[in-house]
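One letter stands for each residue in the lines below.
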Amino acid sequence: NYAIARSITDIIANAVIIIFVIDVDEYLHKGILAAKSFWVYHATGDEEIDSLERRVRKLHDTNSSLETRVHELSQQNKNLTATVCELSDNVTNLSSGALRDRDRLDA
């Protein structure tokens, strides 16, 4: 996997985007459930009900796929955050070691 964020700011922005997508997904799901009740109530025939139920199932499957993808992205975001922290510690350690080595050479 390639990192999609190159800084803490990018990671935070990605997290905000993920949270936004989750909220939109929840609103869509609620709307679909409300619309399903309305459509079924106003349906004029079995064929129309079947068609609407297929559409709702398809939307539900899409919703489930999106929830899975959001969960995966959230996990990747956590992993990237841990990697960034680890790399930051490594840079700090390398910088400290380089300064000590330079001081020894100067002495």
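Just above sits the structure.
Procedures and definitions
Residues numbered from 1 in each chain as written. Predicted model: local features only at pLDDT ≥ 70, side-chain atom pairs only at ≥ 80, totals over all residues. Heavy atoms only, no water. Helix = DSSP H or I, 4+ residues; strand = E, 2+ residues; numbered from the N terminus. Buried < 20%, exposed > 50% of the residue type's maximum accessible area, 1.4 Å probe, protein only. Contact = heavy atoms within 4.5 Å. Areas by Shrake-Rupley, 256 points an atom, 1.4 Å probe, with all protein chains shown as cover. Patch = residues over 30% accessible without salt bridge, like charges linked within 9 Å, V, L, I, M, F, W, Y side chains within 5 Å. Salt bridge = Lys/Arg side-chain N within 4 Å of Asp/Glu carboxyl O.

**Student:** Can you walk me through the overall build of the chain in this structure?
**Tutor:** Summing up its helical and strand segments, the chain has two helices and zero strands in all. The buried share among the 107 residues of the chain stands at 11%. For the chain, long-range pairs separated by at least 24 residues make up 72% of all intrachain contacts whose partners lie at least 6 apart in sequence. Carbon and sulfur atoms make up 58% of the accessible area of the chain, which totals about 8,800 Å².

**Student:** Could you clarify how one ought to interpret a nonpolar patch on the surface in this entry?
**Tutor:** Together, Ile 17, Phe 20, Val 21, Val 24 and Leu 28 line one region of the surface with nonpolar side chains, adding up to about 450 Å² of accessible area. Judged by relative accessible area, which is 34%, Val 21 ranks as partly exposed.

**Student:** Just to check I follow, could you spell out the environment of Thr 62 for this structure?
**Tutor:** Summarising the element assignment, Thr 62 is placed in helix 2 (residues 46-106). Classification of Thr 62 by relative accessible area gives partly exposed; the value is 40%. Considering only alpha carbons, one finds Thr 62 and Asp 25, 37 residues apart in sequence, at a separation of 10.0 Å.

**Student:** I tried to follow the environment of Val 56 on my own but got confused; where do I start?
**Tutor:** Here Val 56 shows up in helix 2. With 21 residues separating them along the chain, Val 56 and Ala 35 place their C-alpha atoms 9.3 Å apart.

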